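Read off the chains here:
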Amino acid sequence: MEISVIGSSQVNVGRIIDVGYCSFSRNSNIKLFNSRNCNNSKACISNLGRNQTLVCPSRSTVGFCLKASASAQNQAVVSETASNITEPIESTKLYVGLPLDTISKSNKINHARAIAAGLKALKLLGVEGVELPLYWGIVENEAMGEYNWTGYLAIIEIVRKLGLKLHLSVCFHASEEAKVSLPQWVSRIGESEPSIYFTDRSGGHYKDCLSLGADDVPVLDGKTPLEVYGSFFENLKSSLSPFMGSTITGLSIGLGPNGELRYPSHHQVNGNTQTGAGEFQCYDKNMLTNLKNHSEKNGNPLWGLGGPHDAPLYNDQSPLSNGFFTENGGSWETPYGDFFLSWYSNELIHHGDRVLSLATSAFKDFPITISGKIPILPSWHKSRSHPSELTAGVYNTVNRDGYGPVLEMFSRNSCRVVLPGMDLSDEAETLVVGITDSCKRTGVVVTGENSLVSGSSVGFEQMNKNLLGEDAAVDLFVYQRMGAYFFSPEHFPAFAQFFRGLSQPTLSLDDLPMEEDCENAESLCGMNRYLQTA
């Protein structure tokens, strides 16, 4: 299949259109409709029978045309002659995350025509750019040092031709949603040497990323993970250099589970998501060796035999009632607790420091930003011990600021922080505000993200509060994530209104005039299934 932006027929979007409509049918086709003749310009949805309609507002000042054909199965080509589309307004820059499975395990673009059509819709709306997950398990899958950028080069070229910017999220972790694992050659090593993975107290292994305890241990066919990450950065630099600083404006570097700088203290065990405070992940061979050496160096060898014996299990619904996290008199407040938590959090910070320094060194000659993601862990944040943060590696309690040292590390490396949770309220909101305040003090620039995709007004209002308030500190916001629901009538109109509120806070949809009719578009066929949402 092929997508081209041309100067004739097929899809003709007039000079200024308030709202046009698209649909993902049950056969995964996409249709575009105009709203010129609708009585209600804000909510006119074409009757497509069983089709699922979706609303695509646009802000084009000059028409464009979109054509789909089926000449190539896995390609999507966008013509250089894309129309003159309104440039984003100077304010908080907005990017939209592409689907997690944009690039398949076979290194090809999934749903290529649908992705290209979605990108065009975002460009028309005025969105500045998109974010793309880039998986280690796809690029360096078969053997160490053998890199294949085919799929990523194809999607980057589409983005470039549309005049959008691109932020790459380098993922050194696996993703069940994207159906991407760690590289095959790494997984083979893990079968015989499971100590390369994080391990909990019962011996369970977390196999979606490598343990930071192995960072400088030659466990990968004679090389350390840090050496492998460094080689990956160098190959990325040479392979994508034509786009660096022009199309590609930033890299987010994966630092742990889901790319975040944390331990996998909350994860699925036997297919079940854990709902407690999580467990400490310090029981793989290399982490235990580091703990032992640290305890002996500090004159307390008995403290290095393992993690806290009285820490709760994954599903303990009352982690504050007894044991390590007890509110008053818990082990977390003892000299041993401070020793362990300091070591545990410092190991995490040291890991982030080493990986980010590799990245900043590799890309220092390009005018791009380097960032890393930190987690939002609001559960039990109002307690004194903050157990969910402690098990994840953030030594943050009622008596201690655990985010300051983390942000100082980002500042030393001249890196930005990616902060999720901009759409959350209650305890999460308190946490987000506290972290952004710490970012201001340490001079770290914030890139914000939402944690949930929701068409409700509450989430968008919360994002507006964080992005437009007097204390706003977010330079770039990445809205997660494009997919079938993203373009649905339940979601897209609210997202479009949210975006226009960012770019022109005083402008509403009713303020935009409509000129010229639009022709209905021929279906863009060929999608195998709905785009997945994150």
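What this report covers is the structure whose coordinates are included nearby. Only a predicted model underlies this, so the values are computations on that prediction, with no experimental measurement involved. (Residues numbered from 1 in each chain as written. Predicted model: local features only at pLDDT ≥ 70, side-chain atom pairs only at ≥ 80, totals over all residues. Heavy atoms only, no water.)

Quick look at helix α6 (residues 285-297) now. In an α-helix, one turn spans 3.6 residues; hence positions three or four apart end up facing the same way. For α6, which comprises 13 residues, the first-to-last C-alpha distance of 18 Å matches the rise-based estimate of 18 Å (1.5 Å per residue) to within 8%. Contacts from the buried residues of α6 go to α7 (335-362). For α6, the N-terminal cap is Asp284; the gap from its side-chain oxygen to the backbone nitrogen of Asn286 is 3.1 Å. Just downstream of α6 lies Gly299, where phi reads positive at about 80°. (Helix = DSSP H or I, 4+ residues; strand = E, 2+ residues; numbered from the N terminus. Expected span 1.5 Å × (residues − 1). Contact = heavy atoms within 4.5 Å. Polar contact = N/O pair within 3.5 Å; in protein donor to acceptor, adjacent residues only side chain to side chain.)

In this section: the pairing of strand β14 (residues 369-373). When you tally the buried positions in β14, you get four out of five residues, the bulk of the element. Across three bridges, the pairing between β14 and strand β15 (residues 416-419) is parallel. Residue Ser371 lies in a different strand from β15, and its bridge partner there is Arg416. (Buried < 20%, exposed > 50% of the residue type's maximum accessible area, 1.4 Å probe, protein only. Pairing = 2+ DSSP bridges.)

As summarised here, the arrangement of the eight strands in space is β6-β7-β8-β11-β14-β15-β16-β17, forming a closed barrel in which the pairing is parallel. When the angles between neighbouring strand axes are averaged without regard to direction, this sheet yields 30°. Examined bridge by bridge, strand β6 (residues 93-97) and strand β17 (residues 474-479) share four bridges and lie parallel to one another. Along β17, the bridge assignment pairs Lys93 with Leu476. Contacts from helix α3 (residues 150-161) reach β7 (129-135), β8 (165-171) and β11 (248-253), with the element oriented near 175° to β7. (Axes fitted to C-alpha atoms, helices over the stretch in contact; angles between N-to-C directions.)

So, about the pattern of salt bridges. For the structure shown, the criterion picks out 15 salt bridges. Arg354 is paired through a salt bridge with Asp216; the nearest N and O atoms lie 3.6 Å apart. With Arg354 in helix α7 and Asp216 in the loop between β10 (205-210) and α5 (225-240), this pair connects stretches of sequence that are 138 residues apart. Exposure remark for Asp216: the relative accessible area of 52% places this residue in the exposed category. Here Lys292 makes a salt bridge to Glu296, at a shortest N to O gap of 2.7 Å. Of the two residues, Lys292 and Glu296 are both situated in helix α6; the distance of four residues between them amounts to about one turn of the helix. (Salt bridge = Lys/Arg side-chain N within 4 Å of Asp/Glu carboxyl O.)

Attention now goes to the nonpolar core. Counting 124 residues, the largest nonpolar core has Leu119, Phe233, Ile253, Phe410 and Phe495 as the members making the most contacts within it. In terms of residue count, the dominant contributor to this core is α7 (twelve residues). Setting aside its immediate chain neighbours within four residues, Phe495 contacts Leu94, Val96, Leu122, Leu125, Phe460, Tyr479 and Phe486. (Core = buried A, V, L, I, M, F, W, Y, C linked by side-chain atoms within 4.5 Å.)

Another point: unusual backbone geometry. The omega torsion of the bond from Gln480 to Arg481 falls at 0°, within 30 degrees of zero and hence cis. Among the secondary structure elements, Arg481 is positioned in the loop between β17 and α12 (492-503). In this structure, Asn258 is a non-glycine residue whose phi angle is positive, near 55°. Within the secondary structure, Asn258 sits in the loop between β11 and β12 (268-269). Note on Asn258: relative accessible area 46%, which makes it partly exposed. We note that Trp380 has phi near 60°; this positive angle belongs to a residue other than glycine. Tracing the backbone shows Trp380 in the loop between β14 and α8 (387-392).

Next up on the list: the packing of aromatic side chains. Counting across every chain of the model gives 34 aromatic pairs. With centroids separated by 6.1 Å and ring planes inclined at 65°, the aromatic side chains of Tyr147 and Phe232 adopt a geometry described as edge-to-face. Separated by 85 residues along the polypeptide, Tyr147 in the loop between α2 (136-139) and α3 and Phe232 in helix α5 bring together distant segments of the chain. By relative accessible area, which is 0% here, Phe232 ends up buried. Look at Tyr479 and Phe486: their rings are 6.0 Å apart centre to centre, the planes differ by 55°, and that puts the pair in the tilted class. We classify Phe486 as buried; its relative accessible area is 0%. (Phe/Tyr/Trp six-rings, centres within 6.5 Å; stacked < 30°, edge-to-face > 60°.)

No statement about biological role is implied by the geometric values presented.
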